Amino acid sequence: MLGKADDKGGSSCHHKSLSVTSLGTIISRKLFGAPVVALLLSLAMLVTPAAWSYDYPLHDRFVSTVVGTPVEYEADLPDHIPFKKRRIEIFPDRNLPDVLWYGRELIYSVALQKRRAPLIFLIAGTGASHNGGKNYNMARAFYQAGFHVVSLSSPTLPNFVISASKTGVPGHAEKDAEDIYRVMERVWATLEHKIEVSSFNLTGYSLGGFNAAFVSRLDDERGAFNFRRVLLINPPVSLYNSISLLDRMTDNIPGGVDNFDKFFEELMSAFTEVYKETDDDLGDDFLLKVYEALDLQNEQLAALIGASFRLTSASLVFTSDVMVDYGYIKPKGLVLDRHSDLTTYNAVANRLGFTDFYHRFFYPYYKQEYPDKSRDEIIESISLRKITDYLRDSDKITVMHNADDVILEPGEIDFFADTFGSRAKIYPYGGHCGNINHRDNVAHMVATFTEGGSL
């Protein structure tokens with residue numbers, strides 16, 4: 001997971017094992033978006049309450065999170081759109097550590113109409129890239145609906161951390177919003193003389209939805225875009241609560257987190273065997289085959305989700321540590337170059353949870369800037385509760401969520417109904433973004449930006 005950027009702007013290990021890279025990429029980028037077949041439906045489906053007309057078929061929150069939307073329930077979207085990868089330098093004068101040589105330019109994607117049209121920015125979820133599965137599917141939906149699309153990676157993706165994070169330590173809600181906003185302004189500067197735009201809009205899923213809320217508030221202050229509509233899809237309420245939940249999911253690994261390496265090796269083994277037997281490379285049913293090969297139960301599915309998050313966070317934490325030379329994983333002052341063997345650091349990073357990162361790196365790092373803030377106060381500052389009044393009073397902001405989302409603590413889903421009222425669309429199931437490609441969800445997503453007046 002640690003190393004040079006791949007085609008999607010993420011990170012991969014270029015020193016030891018391509019198979020480790022492949023599994024990390026598959027789990028982190030594709031795990032939560034693969035369709036399933038009838039066998040899995042029979043395992044996961046519960047009796048649908050008569051009160052619900054929503055026909056998303058997977059009612060187990062862990063299965064839906066891992067597997068996603070069955071093909072027959074997906075929205076009808078174009079197979080291809082003019083989705084083009086672009087690069088831009090945000091900090092041309094930045095001196096990068098040699099080991100991060102690959103990340104100078106921020107990578108993003110655009111899909112542009114040939115006529116005047118509204119423009120929408122998409123922000124990916126934790127550790128996800130501009131052209132990951134969810135962002136690409138959203139791009140297909142909005143392009144089909146007549147939008148210019150600008151797709152951005154998460155501020156927690158190593159490529160973003162290296163090229164576009166001012167501090168190099170993501171996770172601070174307001175500073176991440178400033179980084180994203182700076183990127184949006186720079187990208188728009190490259191487009192404003194090439195396309196005609198009738199309005200600006202914003203959405204994001206998971207952490208990207210959380211980011212969108214703070215970016216919207218920042219834009220209300222600065223006015224570069226004056227977003228017409230903003231949609232938050234499956235955002236966490238509290239970043240700290242959600243990362244703690246995800247970290248605790250690794251406790252479901254047989255033998256606990258101390259057995260992470262063995263569990264990871266089992267994933268690797270299943271991945272390798274299925275990969276050898278798969279004719280169409282990493283097709284739509286690839287993760288289903290891995291799932292079936294491991295015969296995972298709910299506790300193990302939770303462990304798989306936790307392991308996915310751990311792999312994603314490992315790349316982020318290592319990259320951030322190198323960027324600011326903090327001495328968290330890499331010894332402070334040790335210079336790594338592009339030929340350095342990162343195997344040891346990779347192993348250490350995979351053993352550390354995100355809550356470890358928060359308490360031993362993130363909090364001490366920002367405590368220097370905010371010496372009067374306590375640990376709890378900084379935790380509260382990375383929460384949507386900090387901007388409750390803004391979210392409640394801003395009619396242009398809506399939310400789409402699932403009642404059974406696995407990244408929410410018990411009772412946190414009520415925050416959205418209490419804060420957004422009728423602007424909150426809460427589906428009964430779907431786990432964490434498992435139903436994002438469902439036809440009803442996509443229809444609602446698009447309608448949020450197309451209904452109610454001129455675009």
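Reading the values: rules and limits
- Residues numbered from 1 in each chain as written.
- Predicted model: local features only at pLDDT ≥ 70, side-chain atom pairs only at ≥ 80, totals over all residues.
- Heavy atoms only, no water.
- Helix = DSSP H or I, 4+ residues; strand = E, 2+ residues; numbered from the N terminus.
- Buried < 20%, exposed > 50% of the residue type's maximum accessible area, 1.4 Å probe, protein only.
- Contact = heavy atoms within 4.5 Å.
- Areas by Shrake-Rupley, 256 points an atom, 1.4 Å probe, with all protein chains shown as cover.
- Expected span 1.5 Å × (residues − 1).
- Phe/Tyr/Trp six-rings, centres within 6.5 Å; stacked < 30°, edge-to-face > 60°.
- 1 Å grid on protein atoms, 1.4 Å probe; cavity = no way out; pocket = protein on both sides within 12 Å on 5 of 7 lines; lining within 4 Å.
- Points joined across faces, edges and corners; volume = space filled by probe spheres on them.
- Nonpolar A, V, L, I, M, F, W, Y, C, P; charged D, E, K, R; others polar.
- Bend = angle between axes of the 7 residues up to and from the residue.
- Pairing = 2+ DSSP bridges.
- Patch = residues over 30% accessible without salt bridge, like charges linked within 9 Å, V, L, I, M, F, W, Y side chains within 5 Å.
- Salt bridge = Lys/Arg side-chain N within 4 Å of Asp/Glu carboxyl O.
- Lys, Arg positive; Asp, Glu negative; His and termini not counted.
- Charge placed at Lys NZ, Arg CZ, Asp CG, Glu CD.
- Axes fitted to C-alpha atoms, helices over the stretch in contact; angles between N-to-C directions.
- Left-handed = near helix turned anticlockwise from the far one by under 90°.
- pLDDT = per-residue confidence, 0-100.
- Parallel < 35°, antiparallel > 145°, perpendicular 65-115°, else oblique.

When its secondary structure is counted, the protein shows 17 helices and eight strands. Across the 455 residues that make up the protein, the buried fraction comes to 61%. The long-range fraction of contacts in the protein, counting pairs at least 24 apart against all pairs at least 6 apart in sequence, stands at 77%. When the accessible surface of the protein is totalled, it reaches about 18000 Å², and 48% of it is carbon and sulfur.

Okay, helix 7 (residues 207-222) next. With 16 residues, helix 7 extends 22 Å between its outermost C-alpha atoms, agreeing within 8% with the 22 Å of an ideal straight helix rising 1.5 Å per residue. Within helix 7, twelve of the 16 residues are buried, leaving the element largely enclosed by the surrounding structure. Of all the residues in helix 7, the buried ones are L207, G208, G209, F210, N211, A212, A213, F214, V215, S216, L218 and D219. Phi for G223, located one or two positions after helix 7, is positive at around 75°.

Evaluation of the coordinates by the stated rule reveals 31 aromatic pairs. Ring centres of Y54 and Y427 lie 4.6 Å apart, and the angle between their planes is 40°; this geometry places the pair in the tilted category. Here Y427 lies in strand 8 (residues 424-427) and Y54 lies in the loop between helix 2 (38-44) and helix 3 (61-67), a separation of 373 residues in the sequence. Considered together, Y54 and Y427 belong to a single accessibility category, that of buried residues.

Considering the arrangement of structural elements, one finds K330 in the loop between helix 11 (298-324) and helix 12 (343-351). Among all residues touching K330, those that are not within four sequence positions of it are D321, V322, D325, L336 and Y345.

A complete count under the given rule lists three cavities of 30 Å³ or more for this structure. Here the largest cavity is characterised by a volume of approximately 580 Å³. Along the wall of the largest cavity there are 36 residues; nearest its centre are T126, S206, L207, L246 and F309. Counting only elements with at least two residues in the lining of the largest cavity, the list comes to helix 1 (18-30), helix 4 (133-144), helix 8 (239-249), helix 11 and helix 13 (354-367). Per element, the largest residue contribution to the lining of the largest cavity is five residues, and it comes from helix 11. When the residues that make up the lining of the largest cavity are grouped by side-chain class, the tally is 20 nonpolar, 14 polar and two charged.

Time to look at helix 13. At F361, helix 13 shows its maximal bend, which comes to roughly 30°, and the proline P364 appears one to four places after that position. For helix 13, the complete set of buried residues consists of F354, T355, F357, Y358, F361, F362, Y363 and Y366. Each element contacted by the buried residues of helix 13 is listed here: helix 6 (173-191), helix 8, helix 11 and helix 14 (375-381).

It is worth spelling out the pairing of strand 4 (residues 148-152) at this point. Among the five residues of strand 4, five are classified as buried, and the element is accordingly described as predominantly covered. Neither face of strand 4 is open: one carries H148, V150 and L152, the other V149 and S151, and all of them are buried. Relative to strand 4, strand 2 (residues 106-111) runs antiparallel, the two being bridged by three bridges. Residue pairing for strand 4: V110 is matched across the bridge by V150. Pairing of strand 3 (residues 117-123) with strand 4 involves five bridges; the strand directions are parallel.

A separate point is a negative patch on the surface. A surface patch of like charges, here negative, comprises D372, D376, E377 and E380. Mapped onto the fold, E377 is located in helix 14. What makes E377 partly exposed here is its relative accessible area of 41%.

Counted under the stated rule, the structure contains twelve salt bridges. We note a salt bridge from D179 to R182, for which the minimum N-O separation is 2.9 Å. Taken together, the residues span about one helical turn, with D179 and R182 both in helix 6 at a distance of three residues. Taking relative accessible area as the criterion, D179 reaches 3% and is therefore assigned buried. Taken together, the shared-partner salt bridges in this structure form one network comprising E174, R217 and K386.

Where helix 8 contacts helix 11, the two axes come as close as 7 Å, and the packing angle between them is 120°. For the element pair helix 8 and helix 11, the recorded crossing hand is left-handed. From helix 8, I243, L246, D247 and M249 reach across to helix 11, where they touch A302, A303, I305, G306, F309 and R310. Counted by class, the contact of helix 8 with helix 11 contains seven nonpolar, one polar and two charged residues.

Put simply, the protein has an average pLDDT of 85, and 82% of its residues get 70 or more. In the model, residues 1-51 has pLDDT below 50 throughout and makes 145 contacts with residues more than four positions away in sequence or in other chains. A low-confidence stretch, residues 280-285 stays under pLDDT 50, and its non-local contacts, those more than four residues away or across chains, total ten contacts.

At their nearest, the axes of helix 11 and helix 13 sit 11 Å apart, and the two run at 25° to each other. Of the possible angle classes, the one that applies to helix 11 and helix 13 is roughly parallel. At the point where helix 11 passes helix 13, the crossing takes the left-handed sense. Every residue of helix 13 that contacts helix 11 at F309, S313, L316, V317, S320, D321 and V324 is listed here: F354, F357, F361 and Y365. Taken together, the residues of the contact of helix 11 with helix 13 break down into eight nonpolar, two polar and one charged.

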